[in-house]
Amino acid sequence: MTPAQTWIAAFLTLCVFSFLYKDNPFYRFAEHLFVGVAAGYLLAVQWQNVLIPNVWTPLVRDQQLLVLVPLALGLMMLARLWDKGAGIARWAIAFYVGIYSGVAIPGYMQAQIFAQLADAAKPFAPGWGAVNSALVLIGLLGVLAYFFFSMPHEGVHGAGARLGIYFLMVAFGASFGYTVMARVSLLIARVQFLLRDWLHVLPGS
Amino acid sequence: MGWVEKLLSIDRRIIFLLVGAGVIVPLLLPVNLPVTVTPRVQAAYDAIDALPPGSRVLISMDYEPEIMAELMPMSIAVLRHCFRKHIQVVAMTLYPAGTGLGEHALDVASRAEGAVRNRDFVWLGYKSGFQVVMIGIGENLRGMYPVDFYGTPLDSIPMMRGVNTYAQLSMMINLSGSSAADYWIQFAQGRYHAPIVLGCTAVMATDYYPYLSSRQVLGLIGGMKGAAEYERLIDVFGDGRRGMDAQSLVHLIVVLLVVVGNAALFATRGGPGAPAARPGEAPPR
Amino acid sequence: MRRVPLLVTFLSGAAIASLFFIPHHKAQAVNSKLLEWTLVVYAFALILGSLSLWMSHAKKVKKRAEGWPYSMVTLVALLAIPGLGIWKGVGAGSPVGMIYDTVNAPLASSMFALLAFVIASAAFRAFRARSAEATLLLLTAIIMMIGRVSIGELISANLPGITEWLLDVPNLAAKRAIAIGVGLGAVSTALKIILGIERSYLGRS
């Protein structure tokens, strides 16, 4: 980054952090700028990395007429802008949803359902490890029982579901701890940027 | 109003100041607390370390600048390890804004370890479409990437001779801040059986433990802390380890806030069952 | 008139799901081509979203509604970035690349970093041990926050081991159950979509 870029980035960082005091024009400026730049950047990227190589080049240079199919579907999507065009836009949505539904079936079945069930069904670890293996299996059955809503959570099923909640709470607690860690890491990096790259006051900067 | 009520209705900006100080003070006055290596990071290190010199790995750095705080130190550490072990790296990204970041990570790591482009590593750059790229590499790498990021044909790069699918790559290392990790597991591992080592943000880390148990993922580096552990394993002092004093102190502050908040509420309202917040005490936006 | 979109969903979904199981390279070429087409449709969906964003902010400016100067900021960015991107590209070193590094990256990471402050404040005010489940979540979170960082080991040498056990046993069990549950849910929803049982994605007629 050039010094000018560093100053702009530092100013924008401080604009965002000013919200910690209270909502103010600097924060609202930064917020609106972010929305515009992020959306504009996505558009520019789609143009350069998707529409040019996947539509323009094959159509104009290589004259592959098959490209007209996705182009037509894409243009149909834009018909959504008019009330009467909603019906046409459904064709494009139907194609997109259909493809990703089709992708989801083998992907999830193989990587998440079968592989995880196979690992859950493997023999317990030897020695004391067997206790942990048993706990993992009990926890898995408990949480699955909790997620099974076709039957009321009563009797054995209810007890299993209750146990499942405790396992879920531990998992959510772990996730919370890690989320704090992630957000603090991002803050550390922003402060490092301000102190090291902008103000040059960090040791070794 | 008693002191406990006063404490509970403390201005949130005082808490913000505490957190801010918790980050700034340790960065200005570092004590360099020790970093313990956890088994999952050790497993990631061991998996890469066990590769013989001359092996080739695919490294996809799938992240954008907003989360580079966690993933950039990790990328540099993993790349340095590979270069030090003379493991050849085929690097890429699935995010357009990751192009500059991947290039930067390769630049820093190669300078530090004396690695040379097109001899020790290749930078393929960005290509759009997660699954398209993953299937493309599984079927025909050259069809997907006829040239590298700088326009050099892959056929003219010596280290790429004979490399055209996952089968010729000893490992896939994904440094990811998104669902790209799930797709690498589904396609590169599930479909093409490539061994995977995963580095991810801390938010994502706990979700991948089932994949570690099933060996769909061989090792896991989670967040800036994971990066700090990896830096310790390869004996370098990077941004991961530099941030660990502040990380410790802010965690301690958050824990103290939780304990004080609960103790104060317990003291005033008889403990469990008390409401979480008083009427009108809206959480901050 | 929904019969055609439903047929499109069925054909595209069934085709892509079947192609996953066919290892022949020609089948995979068709698979890749269909997935490439979705990228084009997705690009148009983003254009649609950006046009919608443009219209919403343009309306505010036209009516001189409250905060309209901020909407101008969004509009200018939304016009300038794609324009520059189409003209000069989006790669590292391009004007858009520089704007991304100088404006978007600091704004995005500062927005995320704000969450560190908000999480700390929320933890003080709302993270309460109100029930056995909440207590379990809270205790796990505390153990994780302390045990996963350097200070944890200074407090007790056993803490890192405890956090590892929490992640490896209860967390693993719960996350595996969630992965299997999500997988089953995703596959069944995908099947319902492909077979035309689930139609809500097509909107109201």
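Cut-offs and rules
- Residues take numbers from 1 onward in each chain, read along the sequence in its written order.
- Just so you know, chain letters begin at A and ligand numbers begin at 1, following the order they were written in.
- At least 70 in pLDDT is required for a residue's local features to be given in this predicted model, at least 80 for side-chain atom pairs to be given and counted, and no such filter applies to totals for whole chains, interfaces and linings, which use all residues.
- Helix numbering and strand numbering both begin at the N terminus, where a helix is a DSSP run of H or I of at least 4 residues and a strand a DSSP run of E of at least 2.
- Throughout, radius of gyration means the C-alpha value; the globule benchmark is 2.2 Å times the number of residues raised to the power 0.38.
- By definition, residue pairs are in contact when their C-beta atoms, positioned from the backbone, come within 7 Å.
- All the domain ranges listed were derived from an automatic or database domain assignment.
- Residue polarity is assigned by list, with Asp, Glu, Lys and Arg as charged and Ala, Val, Leu, Ile, Met, Phe, Trp, Tyr, Cys and Pro as nonpolar; anything else, Gly included, falls into the polar class.
- Three exposure classes are used, based on other C-beta atoms lying within 10 Å of a residue's own C-beta, which is placed from the backbone: buried for 20 or more, exposed for 12 or fewer, and partly exposed in between.
- Only when DSSP finds a minimum of two bridges between them are two strands counted as paired.
- The angle between two axes is taken between their N-to-C directions and runs from 0 to 180 degrees, where each axis is a line fitted to C-alpha atoms and a helix contributes only its stretch in contact.
- Put simply, a nonpolar core is buried Ala, Val, Leu, Ile, Met, Phe, Trp, Tyr and Cys residues tied into one set by C-beta atoms within 7 Å.
- Should an angle lie under 35 degrees it is considered roughly parallel, over 145 roughly antiparallel, and from 65 to 115 roughly perpendicular; all remaining angles are considered oblique.
- What makes a crossing left-handed is the near helix being turned counterclockwise from the far one by less than a right angle; a clockwise turn instead makes it right-handed.

1. Description of the overall build of chain C
- Per the secondary structure count, chain C includes seven helices and zero strands.
- Reading chain C from its N end, one meets helices and strands in the order α-α-α-α-α-α-α.
- In terms of C-alpha radius of gyration, chain C reaches 25 Å, well past the compact-globule figure of 17 Å for 205 residues.
- The dimensions of chain C, computed from C-alpha atoms along their principal axes, are 60 × 50 × 40 Å.
- Counting contacts in chain C only where the partners sit at least 6 residues apart, residues at least 24 apart contribute 23% of the total.

2. Some words on the domain arrangement of chain A
- Taken domain by domain, chain A holds domain 1 (1-63) and domain 2 (123-205).
- Put simply, the middle of domain 1 of chain A and the middle of domain 2 of chain A, counted by C-alpha atoms, are 33 Å apart.

3. Remarks on the domain arrangement of chain C
Residue and element names in this part refer to chain C.
- You can read the domains of chain C as domain 1 (1-88), domain 2 (89-126) and domain 3 (129-205).
- Measuring from the centre of the C-alpha atoms in domain 1 to the corresponding centre in domain 2 gives 24 Å.
- Within the side of domain 1 that touches domain 2, the residues separate by chemical class into two nonpolar, one polar and one charged.

4. Description of the environment of G243(B)
- Along the chain, G243(B) turns up in the loop between α12 (239-242) and α13 (244-269).
- G243(B) gets classed as buried once you count the C-beta atoms within 10 Å, which come to 28.
- C-alpha separation for the pair G243(B) and S214(B), spaced 29 residues apart in sequence, amounts to 32 Å.
- Every residue in contact with G243(B), bar those within four places of it in the chain, is listed here: S185(A), I188(A) and M224(B).

5. Quick notes on the sheet that holds strand β4 (residues 171-176) of chain B
All names here are of chain B.
- Taken in spatial order, the six strands line up as β3-β2-β1-β4-β5-β6 in an open sheet, and their pairing is parallel. Of all the strands in the sheet, just β3 (121-126) and β6 (220-222) have a single pairing partner and so form its edges. Within this sheet the neighbouring strands show an average axis-to-axis angle of 15°, counted without direction.
- In this structure, strand β2 (residues 88-93) lies alongside β3, joined through four bridges in parallel fashion. Across the sheet, the residue bridging to V89 is F121, located in β3.
- Relative to β4, helix α4 (residues 68-84) is tilted by about 160°, and along the sheet it contacts β1 (56-62), β2, β4, β5 (196-200) and β6.

6. Points about the interface of chain C and chain B
- Listed per partner, the contact involves 50 residues of chain C and 52 residues of chain B.
- Of all the elements in the fold, those that place two or more residues in the side of chain C that touches chain B are α2 (25-62), α4 (95-126), α5 (132-147), α6 (150-155) and α7 (159-194) of chain C.
- Considering every element that reaches the side of chain C that touches chain B, the biggest residue donor is α4(C), with 17 residues.
- Among the residues forming the side of chain C that touches chain B, the class breakdown is 28 nonpolar, 11 polar and 11 charged.

7. A short note on the interface of chain C and chain A
- Across the boundary between the two partners, chain C contributes 105 residues, which contact 98 residues of chain A.
- Mapped by element, the contributors of at least two residues to the side of chain C that touches chain A are α1 (3-20), α2, α3 (68-88), α4, α5 and α7 of chain C.
- Broken down by element, the side of chain C that touches chain A gets its largest block of residues, 23 residues, from α7(C).
- Grouping the amino acids of the side of chain C that touches chain A by side-chain chemistry returns 80 nonpolar, 19 polar and six charged.

8. Quick word on the nonpolar core
- With 233 residues, the main nonpolar core has A91(B) and A120(C) as its most contacted residues.
- It is helix α6 (residues 155-198) of chain A that contributes the most residues to this core, 20 residues altogether.
- Once residues within four sequence positions are removed from consideration, A91(B) is found in contact with I59(B), M61(B), G102(B), L106(B), F121(B), V122(B), W123(B) and L124(B).

9. Digging into the environment of M109(A)
- Structurally, M109(A) is set in helix α4 (residues 86-120).
- As for M109(A) and G164(A), which are separated by 55 residues in sequence, their C-alpha atoms are 23 Å apart.
- Leaving out residues up to four positions away in the same chain, M109(A) has contacts with F114(A), G183(C) and V187(C).

10. Concerning the packing of helix α6 (residues 130-139) of chain B against α2(C)
- Running from amino to carboxyl end, α6(B) crosses α2(C) at an angle of 160°, the nearest separation of the two axes being 9 Å. With respect to α2(C), the axis of α6(B) lies roughly antiparallel. The two elements α6(B) and α2(C) cross, and the hand of that crossing is left-handed. Counting all contacts with α6(B), which are made through Q131(B), V132(B), I135(B), G136(B) and E139(B), the residues of α2(C) involved are H25(C), Q28(C), N31(C), S32(C), L35(C) and E36(C).

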